[in-house]
Amino acid sequence: MPRPGFVVLSILAGFAVLALFLRKAEGWILATVVAAIVVGVAVPASRQATRQGLAMLQGYPRAATAACVIGAILLPIFLQNDGYWIHVLSIAMIFAIMAIGLNVHLGEIGLVNLGYAGLFAVGAYASTLLSQAGAPFWLATLFAMAVCWTTGGLLGVCSIRTSGDYFALVTLGFGLIVQQLIINLTWLTQGNNGITNIPAVTALGHSSKMPIDLGFIRLVPETNFFYLCLIALSGSLLLARHYQKVWIGRMWTALRQDAIGVSCFGLDVPRFKILTVAFGSMFAGLAGSLFAHEIGFISPDDFTLLHSVEVLASVILGGIGNLFGVTVGAIILSVAPEKLRFLGDYRLLMYGAMLVVLLIYRPLGLLPDPRRRFESF
Amino acid sequence: MTASATLLEIRGAAKSFGGVQALDGVDLHLGTGEVLGVIGPNGSGKTTLFNLLTGVVRASGGTARLAGANLLDLKPWEISALGVARTFQNIRLALGQSVLQNVLVGAYRQNRTSWWQVLLAPHTVAVRETQAVEKAMEALRFVAPALAAAPDRIVGELPYADRRRIELARAVVGNPRILLIDEPAAGMNPHETAEIADDILRIAARGMSILVIEHKMKFIATVAPRIAVLNFGRKIAEGSYEQIRTDPHVLASYLGRKGDHLAASGDR
Amino acid sequence: MDLILQHLVNALALSAVYALVAIGISLFFGVIGIVNLAHGDIATVGVFASLAVFQFLLSGGAMDITTLSAGMVIATLAALAAGLAVAAISGVLFYRVAFYPLRAAPPIIGLLCSVGVGFIIRESILNFYPNGRNPQPFPSIIPPELIEVGGVIIQYKHIFVIGTAVVVMFALAYCVERTRFGRAMRSILNNREVAQSLGVSTFKVTVALFAMGSALAGLAGLMNALYYNLVQSDMGTLLTVKGFTAAVIGGLGNIYGALLGAVLVGLIEAVTAGFIPDGSAYKDVAVFGVLIAILIARPNGLMGRLSAERV
Amino acid sequence: QQRVVKVAYVGPLTGPNTAMGIGTRNSMDLAIREANAANALPFKLEMLSESDDSKPSTGVAAIQKLCNDPDVIATSAHWNSPVALATIPYFKQCNLLNLVSGASVDALTQQGVPEMARVSTPFGYLLPHLAENLVDKLKFKTIAIVKSRDAFGDAGTDGFVPEYEKRGGKIVAVEGYNVGDRDYTAILTKIRQLKPDAVYLAGLTTEAALVVRQMRQLGMKMAFVGHAGWQTSTFIEAAGPAGEGAIVVTSLPFLDRLPDGAGYAKRYAAAGFKEPHEAYGPFGYAAGQVIVELLRRHGPDRKAIVAGVRQLQDVKTIFGPGRFDDRGELQPKYVDMAVLKGGDWVPLPK
Amino acid sequence: MLSIEKFSASYGPVRALQDIDLHVDRGEAVCLLGSNGAGKSTLIRSVMGIGPRIAGTAHFEGRNLLAHAVEDRVRLGLAVVFEGRGILPAMSVQENLLMGGYCRRRAEIAEALDQVVTLFPLLASRRNQLAGTLSGGEQQMLAIARALMSRPRMIMLDEPSMGLAPIVVEQVFEAIAEVNRRGVAILLVEQNMHMALTIANRFYVLDRGTLVLEGAVSDGVLTSKAGHVLREDEIESAYMGEKS
Ligand SMILES: Nc1ncnc2c1ncn2[C@@H]1O[C@H](COP(=O)(O)OP(=O)(O)OP(=O)(O)O)[C@@H](O)[C@H]1O
Ligand SMILES: Nc1ncnc2c1ncn2[C@@H]1O[C@H](COP(=O)(O)OP(=O)(O)OP(=O)(O)O)[C@@H](O)[C@H]1O
Ligand SMILES: [Mg+2]
Ligand SMILES: [Mg+2]
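The structure contained in this document is the topic of the report that follows. (Residues numbered from 1 in each chain as written. Chains lettered and ligands numbered in written order. Predicted model: local features only at pLDDT ≥ 70, side-chain atom pairs only at ≥ 80, totals over all residues. Heavy atoms only, no water.)

## Comments concerning the overall build of chain A
Helix and strand counts for chain A stand at 16 helices and four strands. On C-alpha atoms alone, chain A measures out to a radius of gyration of 21 Å, which is about the 21 Å that the 2.2 N^0.38 rule sets for 377 residues. Counting only C-alpha atoms, chain A reaches 55 × 50 × 40 Å along its principal axes. A total of 377 residues make up chain A; the buried ones form 59% of that total. Just so you have it, chain A exposes about 14100 Å², and 71% of that area is on carbon and sulfur atoms. Computing the positive centroid from 22 side-chain charges and the negative centroid from 16, chain A places the two 10 Å apart. (Helix = DSSP H or I, 4+ residues; strand = E, 2+ residues; numbered from the N terminus. Rg over C-alpha atoms; globule rule 2.2 N^0.38 Å. Buried < 20%, exposed > 50% of the residue type's maximum accessible area, 1.4 Å probe, protein only. Areas by Shrake-Rupley, 256 points an atom, 1.4 Å probe, with all protein chains shown as cover. Lys, Arg positive; Asp, Glu negative; His and termini not counted. Charge placed at Lys NZ, Arg CZ, Asp CG, Glu CD.)

## Examining the coordination of the magnesium ion (ligand 3)
Residues and elements named next belong to chain B. At 1.9 to 2.1 Å from the magnesium ion (ligand 3) lie its protein donor atoms, namely Thr47 (OG1) and Gln89 (OE1). In this pair, Thr47 is assigned in helix 1 (residues 46–53) and Gln89 in the loop between strand 6 (84–86) and helix 3 (99–106), connecting sequence segments 42 residues apart. The class for Gln89 is buried, based on a relative accessible area of 10%. (Donors = N, O, S within 2.8 Å, 3.2 Å for Na, K, Ca; no water.)

## As for the sheet that holds strand 10 (residues 234–239) of chain B
Residues and elements named next belong to chain B. The sheet built from six strands is open, its strands ordered 6-7-8-3-9-10 with mixed pairing. Looking at the sheet topology across the chains shown, the edges are occupied by strand 6 and strand 10. This sheet shows a mean twist of 20° between the axes of neighbouring strands, independent of strand direction. The strands touched by helix 8 (residues 160–172) within the sheet are strand 6 and strand 7 (178–182), with strand 7 carrying the most contacts at an inclination of about 165°. Lying over the sheet, helix 12 (residues 248–255) contacts strand 3 (35–39), strand 9 (226–231) and strand 10, oriented at roughly 120° with respect to strand 10. (Pairing = 2+ DSSP bridges. Axes fitted to C-alpha atoms, helices over the stretch in contact; angles between N-to-C directions. Contact = heavy atoms within 4.5 Å.)

## Observations regarding the coordination of the magnesium ion (ligand 4)
Ideal geometry at a metal centre gives angles of 109.5 degrees when four donors are arranged tetrahedrally and 90 or 180 degrees when six donors are arranged octahedrally. For the magnesium ion (ligand 4), the full set of protein donor atoms is Ser41 of chain E (OG), Glu83 of chain E (OE) and Glu83 of chain E (OE), at a range of 1.8 to 2.7 Å. Pair noted here: Ser41 of chain E is in helix 1 (residues 40–48) and Glu83 of chain E is in the loop between strand 6 (78–81) and helix 3 (93–100), with a separation of 42 residues, a long-range link.

## Quick look at empty space enclosed by the protein
This model, assessed by the stated rule, comprises 16 cavities of 30 Å³ or more. As a volume, the second largest cavity reaches approximately 500 Å³. At the level of secondary structure, the elements contributing two or more residues to the lining of the second largest cavity comprise helix 5 (83–109), helix 13 (269–295), helix 14 (305–318), helix 15 (323–339) and helix 16 (347–361) of chain A together with helix 2 (56–67) of chain D. In the lining of the second largest cavity, the residues fall into 16 nonpolar, five polar and six charged. (1 Å grid on protein atoms, 1.4 Å probe; cavity = no way out; pocket = protein on both sides within 12 Å on 5 of 7 lines; lining within 4 Å. Points joined across faces, edges and corners; volume = space filled by probe spheres on them. Nonpolar A, V, L, I, M, F, W, Y, C, P; charged D, E, K, R; others polar.)

## Quick look at the pairing of strand 7 of chain B
Residue and element names in this part refer to chain B. Counting buried residues along strand 7, five of its five residues qualify, which places the element largely inside the surrounding structure. Taking every second residue as pointing to the same face, both faces of strand 7 are buried, with Ile178, Leu180 and Asp182 on one and Leu179 and Ile181 on the other. With three bridges connecting them, strand 6 and strand 7 associate as parallel partners. Bridge pairing in strand 7 links Ala85 to Leu179. Taken together, the five bridges between strand 7 and strand 8 (residues 209–213) define a ladder with parallel strand orientation.

## Looking at the pattern of salt bridges
Applying the stated rule across the entire model yields 51 salt bridges over all chains. Notably, a salt bridge pairs Arg153 of chain E with Glu61 of chain E, separated by 2.7 Å at the nearest N-O pair. Placement of the pair is Arg153 of chain E in the loop between helix 6 (136–149) and strand 7 (154–158) and Glu61 of chain E in the loop between strand 4 (55–60) and strand 5 (63–64), with a sequence separation of 92 residues. Note that Lys225 of chain E is salt-bridged to Glu214 of chain E, the shortest N-O span being 3.8 Å. Placement of the pair is Lys225 of chain E in the loop between strand 11 (221–224) and strand 12 (229–230) and Glu214 of chain E in strand 10 (residues 210–218), with a sequence separation of eleven residues. Looking at Lys225 of chain E, the relative accessible area reads 66%, which means it is exposed. Each of Glu34, Arg226, Lys235 and Glu238 of chain B takes part in salt bridges that share partners, so that together they form one network. (Salt bridge = Lys/Arg side-chain N within 4 Å of Asp/Glu carboxyl O.)

## Comments concerning the interface of chain C and chain A
With 46 residues of chain C at the interface, the matching set in chain A holds 36 residues. Counting the surface chain C buries against chain A, the share from its top three residues, Ile108, Leu112 and Phe119 of chain C, is 17%. On the surface where chain C and chain A come into contact, there are zero salt bridges. One can count four residue pairs in polar contact (both at pLDDT 80 or more) joining chain C with chain A. Ranked by the residues each element gives to the side of chain C that touches chain A, the list is headed by helix 4 (residues 107–128) of chain C, at 15 residues. Classifying every residue of the side of chain C that touches chain A by side-chain character gives 34 nonpolar, eight polar and four charged. (Buried area = accessible area lost by both parts, 1.4 Å probe. Polar contact = N/O pair within 3.5 Å; in protein donor to acceptor, adjacent residues only side chain to side chain.)

## Describing the sheet that holds strand 3 (residues 29–34) of chain E
All names here are of chain E. The mixed open sheet is built from eight strands, whose spatial order is 6-7-8-3-9-10-11-12. In the strand order of this sheet, the two ends are held by strand 6 and strand 12, each with one partner. Examined bridge by bridge, strand 3 and strand 9 (residues 202–207) share five bridges and lie parallel to one another. By the bridge assignment for strand 9, Cys31 is matched with Phe203. On the sheet, helix 1 packs against strand 3, strand 6, strand 7, strand 8 (185–189) and strand 9 and is oriented at approximately 145° with respect to strand 7.

## Comments concerning unusual backbone geometry
In the segment running from Gln331 of chain D into Pro332 of chain D, the intervening peptide bond is cis, with an omega of -10°. Tracing the backbone through its elements, the reader meets Pro332 of chain D in the loop between strand 13 (330–331) and strand 14 (336–341). Even without being a glycine, Gln80 of chain A presents a positive backbone phi close to 55°. Looking at the element boundaries, Gln80 of chain A is found in the loop between helix 4 (61–78) and helix 5. Despite not being glycine, Phe232 of chain B has its phi angle at roughly 45°, a positive value. Secondary-structure assignment places Phe232 of chain B in the loop between strand 9 and strand 10.

## Side note on the nonpolar core
In globular proteins that are soluble, nonpolar side chains generally tend to be buried together. If you look at the biggest cluster of nonpolar residues, it comprises 463 residues, and the most contacted ones within it are Phe224, Phe235, Leu295, Phe324 and Trp345 of chain D together with Met154 of chain E. It is helix 5 of chain A that provides the largest number of residues to this core, a total of 19 residues. Of all hydrophobic cores here, the second largest spans 29 residues; its members include Leu28, Leu30, Ala64 and Ile178 of chain B. (Core = buried A, V, L, I, M, F, W, Y, C linked by side-chain atoms within 4.5 Å.)

## Some remarks on the environment of Lys65 of chain D
Residue and element names in this part refer to chain D. Tracing the sequence through the fold places Lys65 in helix 2. We classify Lys65 as partly exposed; its relative accessible area is 29%. Placed 43 residues apart in sequence, Lys65 and Ile22 show a C-alpha to C-alpha distance of 20 Å.

## Side note on the site of ligand 2
Lining the immediate surroundings of ligand 2 are 18 residues, of which Glu157 of chain B together with Asn36, Ser41, Thr42 and Glu83 of chain E lie closest. Neighbouring residues of ligand 2 are distributed over chains B and E. At 2.5 Å from an oxygen atom of ligand 2 is found a side-chain nitrogen or oxygen belonging to Ser41 of chain E. Thr42 of chain E places a polar side-chain atom, nitrogen or oxygen, 2.4 Å from an oxygen atom of ligand 2. Within the complex, 85% of the 640 Å² of free accessible area of ligand 2 lies under protein. If you tally residues by element for the shell around ligand 2, the top one is helix 1 of chain E, at three residues. When the residues that make up the shell around ligand 2 are grouped by side-chain class, the tally is six nonpolar, eight polar and four charged. (Near = heavy atom within 4 Å.)

Without other data, these values stay purely geometric and don't point to any function.
And the structure:
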């Protein structure tokens with residue numbers, strides 16, 4: 001078989017197996033699969049295999065990308081129209097968008113942000129408020145992105161002087177303050193009760209609450225958001241990749257390693273940092289808007305420190321700096337808790353254990369960015 | 001040197017770190033196209049002088065006039081915009097990046113575009129990027145021909161001498177008016193030292209003015225017709241190599257008893 | 001006036017509780033360069049170990065110790081010692097299992113790993129300690145009587161925690177700044193390879209550090225338990241957040257700074273909660289607001305280290 | 001071939017409030033098991049449970065999962081009000097009954113959603129009763145409120161203040177705190193100065209225990225009152241001697257005041273559940289009983305069951321004979337006052 | 001004293017050292033020459049235990065070095081001055097020196113401190129400055145001084161004259177010679193060949209990972225192992241390989 005064809009087929013098969021795993025794996029099968037993955041991670045040979053597999057994919061980037069897109073589009077069908085898993089995967093993609101944004105902070109310029117959920121909240125509320133005032137979804141989303149861009153800029157101002165763990169604490173505080181404000185500014189946010197009845201998204205007379213009728217198959221209503229998130233995620237990936245590839249990406253790397261050095265070559269470091277943090281925060285606006293409209297309800301509980309940590313963990317476990325890696329990391333980390341439900345009370349325990357084990361055996365993430373071998377930030 | 005061609009005029013540059021008076025009122029001038037050597041004992045303030053001139057460290061006094069502006073009041077990127085570039089005594093490169101990527105950092109100033117352009121005018125951006133790469137490759141060919149053949153090598157895997165050359169390439173790629181070079185020959189063997197000296201002369205021939213710090217006397221004698229000697233943050237002598245090598249202050253504080261360092265086949 | 005003084009006394013005691021955690025976090029940061037977000041949870045381990053001993057020795061009896069007897073004193077000492085020892089051991093274990101394999105990785109990885117360890121500790125107590133889901137009373141061994149000085153109520157436990165915090169701070173600062181052991185610890189952070197090549201056994205020194213720092217966490221947890229007489233599996237989270245905040249305000253790595261930071265956090269909380277109507281809910285906002293202001297003015301905290309970086 | 005019919009409980013089976021969730025779940029399970037054992041229905045019932053982790057987003061995911069399982073016919077979901085509010089649209093979307101057995105915010109049944117009904121007692125019924133007892137019976141004319149900054153605290157305050165003031169009581173202070181706080185000395189010191197007759201805590205167990213301990217340590221001897229949110233066995237333990245004399249208004253039934261309370265307790269114990277049934281257990285049990293009754297009358301059909309709730313005018317539950325009103329609330333509602341005495345919650349002497 | 005046999009090392013696919021045989025006898029001063037990237041630093045780091053090694057043996061005073069952890073090699077009497085100085089930047093000058101005597105007893109430290117400070121008086125006046133803020137040359141002095149603090153039986157120095165003023169270079173070489181006269185073996189990596197050969201007894205030349213020349217020095221006369229008398233520029237061209 002020609003190799004591109006092989007690549008396409010194996011990726012599509014991968015998606016199908018994923019769907020099967022999500023829907024069907026339970027009890028012992030699930031435990032076995034999870035155990036196998038854990039063992040696989042711990043065995044050095046698997047690292048080699050991952051690298052080879054990726055190298056093969058990279059050999060045919062177009063075929064691989066096309067296959068991924070097709071696979072993702074077909075996923076609802078692979079999932080046999082199961083609304084629950086389609087919903088879970090939509091949320092996972094929203095997390096992936098956040099991970100891409102946070103990666104700009106953490107991966108590109110080395111800023112540890114422990115308050116990304118705060119930005120997410122800003123985006124979600126901004127979008128919701130506008131949308132409830134009657135604005136269409138796309139406008140609300142753009143507005144949310146703009147608001148997050150501005151808020152991120154303010155965080156960027158803090159990052160000019162503080163760095164490292166100090167910035168981490170500033171952002172931790174930021175996340176906390178946002179949450180407190182949401183709780184207390186009840187006239188705007190309805191406080192702890194949260195905002196219910198966020199309108200559905202409509203386009204061309206089609207509402208996201210309606211099933212997609214393709215004639216031969218009726219896709220459940222959750223599919224609407226699945227595709228919306230898929231488009232948003234692809235757009236985010238393209239955008240981040242685009243900026244990474246031009247001078248901006250180069251200066252990110254240089255700045256991360258040596259701010260004084262780059263300033264001597266003409267980079268206005270404060271301005272650049274502000275713009276970068278703002279840029280990375282913008283993704284939170286997109287994610288927030290999608291999240292609010294997808295769930296239809298938002299409350300302060302959805303934007304806690306734990307959520308920030310989750311996004312951070314996605315980026316680190318996926319592989320700091322590697323866009324593909326952080327996307328995969330985010331999806332794994334948001335699907336895993338759903339699959340771990342059978343553990344009941346031990347779910348969070350296993351979650352913590354999984355985090356530690358993965359870090360120990362894959363400190364640079366599942367798909368590490370090779371450029372970072374000489375770095376420690 | 002004729003005063004008429006003076007490009008950079010430093011007066012009373014001073015800097016103290018807590019109790020340490022690193023620079024204590026230094027006057028220097030640099031003519032267009034000139035190479036000025038700066039020498040002096042360890043800790044005499046040479047690197048600090050460079051740091052003041054590039055805005056990395058705030059001066060506690062003095063002025064440095066270049067094209068009507070006082071460099072000592074400006075931020076590093078503003079100074080860079082005036083056409084000042086430098087290398088660092090402790091090499092500062094992105095070790096995980098390729099040679100080309102590192103050199104491209106130096107080309108940032110001429111080839112940047114706005115964030116909006118990146119989004120909305122990808123074509124313009126692509127053209128600029130290609131230009132930048134061309135410039136960087138040219139600079140590499142100029143100062144490090146061997147590396148120009150392998151621009152994708154990762155800097156962290158290269159030996160010390162090559163890293164120094166990359167720093168030099170990064171500094172010249174932006175075509176600065178003034179180049180500040182800090183100990184380019186440290187850790188190099190005599191042969192490589194001679195090569196670097198040659199590079200510097202060729203750079204100067206392109207019309208860039210150069211301030212160079214070095215402890216290797218043979219090197220400094222080759223590249224710098226005029227040399228300033230610092231000690232305890234003050235200038236204690238200035239002149240040609242022949243003039244300063246007999247200066248008793250310089251001998252006592254810097255060169256040492258043996259004095260003539262060119263005679264030996266070593267590199268001092 | 002009384003009211004102000006009373007708030008001050010309360011705030012100082014609260015500060016002392018925070019300070020013990022902050023000092024530990026600062027110590028870890030200053031020595032291994034990692035913000036250990038599991039610090040508060042290690043404290044919880046110590047507390048529950050101590051509680052287990054108490055529950056065993058006092059089995060069935062009242063948990064509030066009011067009468068002083070030789071048996072009681074022994075029980076108390078045994079319980080406290082057990083708390084410190086178990087905290088120290090779990091800290092070492094935690095180092096060997098989680099941090100040691102990551103010793104060469106960037107600090108952010110260590111930070112995330114400590115988050116994972118925190119999960120494991122909290123959830124283990126929740127699931128495996130008898131009745132671990134619910135808050136449990138911790139014996140009060142400090143006499144509950146109040147001393148009233150001109151309308152201001154001072155409790156013995158106020159004096160107790162403040163005293164402990166101050167003593168611990170000086171002892172630790174001496175150890176880190178002045179002793180051979182302290183220098184060895186700091187040299188590892190400065191440059192691991194160089195430290196080794198000077199003869200520092202990085203493994204042994206770091207293990208010793210984890211034992212010491214975790215015992216300190218245990219002490220902080222016990223102080224907290226003795227102060228509030230109520231413990232629960234997730235009490236460590238609050239301790240970590242407050243301790244981290246205080247340590248950063250004071251300047252990470254500086255042990256005196258940690259105390260100063262803790263006093264500031266305690267005071268800000270007392271002022272917002274005590275003097276602003278319904279201010280209690282906003283005390284975290286106030287603390288972080290002040291924190292951001294301080295960091296913008298002094299990026300390395302109030303008593304942060306001078307930067308050793310130069311060009 | 002027998003059709004599988006599933007009913008589900010969704011609540012805090014993990015995370016905070018786990019004890020409550022598990023007690024309720026077990027009790028509902030007990031009712032289902034009894035129905036199965038008695039062959040009350042022409043089919044066997046299977047009991048499912050999902051955790052909402054006390055989080056709206058987790059709750060939504062859990063409900064969606066149930067919605068997509070066509071065998072699930074009826075549910076009793078959520079102990080936390082915010083979670084219950086969040087999932088309303090999803091129940092509506094898939095015509096699944098949510099017979100609430102815990103969440104107490106009044107709004108749940110006020111949105112005209114036919115899928116929502118409730119067996120437990122909402123705040124709306126509790127707080128007037130509390131206000132009335134405090135002013136008229138206990139003669140507490142001034143009161144300071146300490147409330148958690150969450151939906152629970154808000155509801156506890158908003159429903160109480162007007163009733164209390166209407167009866168001539170005076171609120172001297174309202175102080176909020178964040179869930180998880182451990183130190184209340186600052187606000188208590190402030191309140192001490194105001195010398196109210198009582199401190200009213202609108203919050204949950206851990207904080208209540210900490211507050212009452214710290215009150216006593218500061219030498220504050222006034223009464224400590226509240227609502228069922230912290231009327232738990234854990235409070236008794238956690239507060240220790242300091243908790244003695246605390247007074248709460250309760251919707252949590254004293255089993256010996258219920259027609260079938262004693263029997264329920266006995267059967268629960270016999271069923272071999274590891275965990276205690278906790279205060280909300282009877283509601284979980286009642287929810288199970290009502291669902292069985294609905295299934296008996298209307299068969300395993302989501303729509304029919306939803307339509308049937310409000311028509312149910314004669315149902316026997318652990319609370320005795322009851323009926324559903326047009327908002328979907330099981331009537332009559334249980335309300336009582338309790339006091340902590342001798343290490344146990346006992347009815348406040350009339 | 002130190003003997004290395006068939007020693008090879010590589011960084012991933014890059015082979016940095018290939019079958020090196022090298023020995024330093026008691027009280028000897030041996031100089032290791034070679035152009036950039038020849039593998040000199042790698043050799044020193046690997047002997048110390050913090051560089052790569054894939055094959056070969058290394059013995060110090062008859063003991064198998066490779067069986068010892070890095071920190072224990074110090075206790076055997078080995079000290080090192082790294083290329084790029086390896087000071088502890090956030091610790092003061094004084095603390096850096098004390099760390100140098102980490103394996104020594106207190107009394108010895110005090111004595112060694114006195115000696116070192118007489119050698120580098122500048123350090124005495126900067127005792128409390130953070131080492132990271134010293135100038136490049138000052139840091140180099142500190143690194144050498146620190147290595148002397150441990151009273152080693154053998155010191156390995158990687159380009160100690162780098163970045164030093166000529167007058168200090170002289171002092172440093174005098175100091176090294178003096179230390180050597182007291183019986184401490186020296187393994188010196190230097191670019192400044194002329195200076196290095198004034199204090200060395202023997203020399204090795206390394207080119208791209210292999211030893212290409214080895215010989216002895218006495219009274220300024222260089223003889224190869226085979227007995228030929230060599231000029232300095234002949235050595236130079238040996239290690240310049242095909243480069244020039
Ligand atoms: N950030 C700082 N804090 C304290 N002292 C400093 C700092 N930077 C430099 N110094 C001191 O200022 C003096 C001048 O340093 P500088 O680096 O300019 O010396 P130099 O002439 O370049 O020496 P070398 O030839 O050794 O590189 C030195 O004594 C140094 O210790
Ligand atoms: N971390 C590394 N990863 C990959 N290759 C490396 C690394 N460090 C060194 N090398 C390679 O190993 C070879 C030997 O390097 P080494 O530093 O030992 O040379 P050297 O003789 O000390 O040179 P110099 O005189 O420049 O200090 C060089 O080719 C270098 O590129
Ligand atoms: Mg210098
Ligand atoms: Mg070297």
